[in-house]
Amino acid sequence: MAAVVLVAVAATGLAVLGGDPVPVYVAVALWGLGWGGVPTLLQTAVGRAGGEAADVAQAMLVTLWNAAMAAGGVAGGVLLGWFGPVSFPWSVLMLLAPVLGVVAGARAHGFPWVRARSRQVAG
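Because the structure is predicted, anything quoted here is derived from the model rather than measured.

### Concerning the overall build of the chain
Of the regular secondary structure elements, the chain holds 5 helices and 0 strands. Listing each helix as α and each strand as β along the chain from the N terminus yields α-α-α-α-α. A buried classification covers 20% of the 123 residues belonging to the chain. Partitioning the contacts of the chain with sequence separation of at least 6, the portion at a separation of at least 24 is 58%. Accessible area of the chain: about 8,800 Å², with a carbon and sulfur share of 72%.

Okay, here's the thing in structure tokens:
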């Protein structure tokens, strides 16, 4: 959830304050902090949710990740051609709304809240 929120804050900063260099640097740093751990988080979540079929789930993740990168390149090219670079942060914000919903809904299987349990050793 924190990663999605950091990217959303960064995209909002780029959308609203994108003309000034200092907010752009701050937004890029926030984006990197938020997005940097996403591949590891997704691999962990898919592995947990996949259970016995974790290897198949990991293969599906890689395939979908690559397909999303290709689709993002096409969509980015279309947005750039039609609306210019100012459309990028707004489109990211629109895409993050369902992402936040998916992440919140996936908490039970992919992102469970794990509390450390103390074990008492009989001695």
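Now that the structure has been shown, the text picks up again.
### Points about the nonpolar core
In this structure, V4, V7, A11, V92, L96 and V103 together form the largest nonpolar core, which totals 6 residues. Where this core is concerned, the elements lending two or more residues are α1 (2–17) and α5 (87–105). Non-local contacts of V7, meaning those with residues more than four positions away in its chain, are made with W31, G34, W35, V92 and L96.

### Description of the packing of aromatic side chains
One pass over the full model with this rule turns up 2 aromatic pairs. Ring plane angle 20° and centroid distance 5.8 Å describe the contact between W35 and W65, whose orientation is recorded as stacked. Here W65 lies in helix α4 (residues 54–83) and W35 lies in helix α2 (residues 21–36), a separation of 30 residues in the sequence. With a relative accessible area of 40%, W35 lands in the partly exposed category. With 6.3 Å between their ring centres and 90° between their planes, W82 and F83 make a pair best called edge-to-face. Of the two residues, W82 and F83, both sit in the exposed class.

### Points about a nonpolar patch on the surface
Together, M1, V5, V9 and L100 make up an exposed nonpolar region whose accessible area comes to about 320 Å². As for its placement among the helices and strands, V9 is situated in helix α1. The class for V9 is partly exposed, based on a relative accessible area of 44%.

### Considering the packing of α1 against α2
Relative orientation of the contacting elements α1 and α2 amounts to 160°, with a least axis distance of 8 Å. Taken together, α1 and α2 sit at an angle that is classed as roughly antiparallel. Between α1 and α2 lies a crossing whose hand is left-handed. Between α1 and α2, the residues in contact are A3, L6, V7, V9, A10, A11, L14 and L17 and P23, V24, A27, L30, W31, L33, G34 and W35, respectively.

About the criteria used
- Residues numbered from 1 in each chain as written.
- Predicted model: local features only at pLDDT ≥ 70, side-chain atom pairs only at ≥ 80, totals over all residues.
- Heavy atoms only, no water.
- Helix = DSSP H or I, 4+ residues; strand = E, 2+ residues; numbered from the N terminus.
- Buried < 20%, exposed > 50% of the residue type's maximum accessible area, 1.4 Å probe, protein only.
- Contact = heavy atoms within 4.5 Å.
- Areas by Shrake-Rupley, 256 points an atom, 1.4 Å probe, with all protein chains shown as cover.
- Core = buried A, V, L, I, M, F, W, Y, C linked by side-chain atoms within 4.5 Å.
- Phe/Tyr/Trp six-rings, centres within 6.5 Å; stacked < 30°, edge-to-face > 60°.
- Patch = residues over 30% accessible without salt bridge, like charges linked within 9 Å, V, L, I, M, F, W, Y side chains within 5 Å.
- Salt bridge = Lys/Arg side-chain N within 4 Å of Asp/Glu carboxyl O.
- Axes fitted to C-alpha atoms, helices over the stretch in contact; angles between N-to-C directions.
- Parallel < 35°, antiparallel > 145°, perpendicular 65-115°, else oblique.
- Left-handed = near helix turned anticlockwise from the far one by under 90°.

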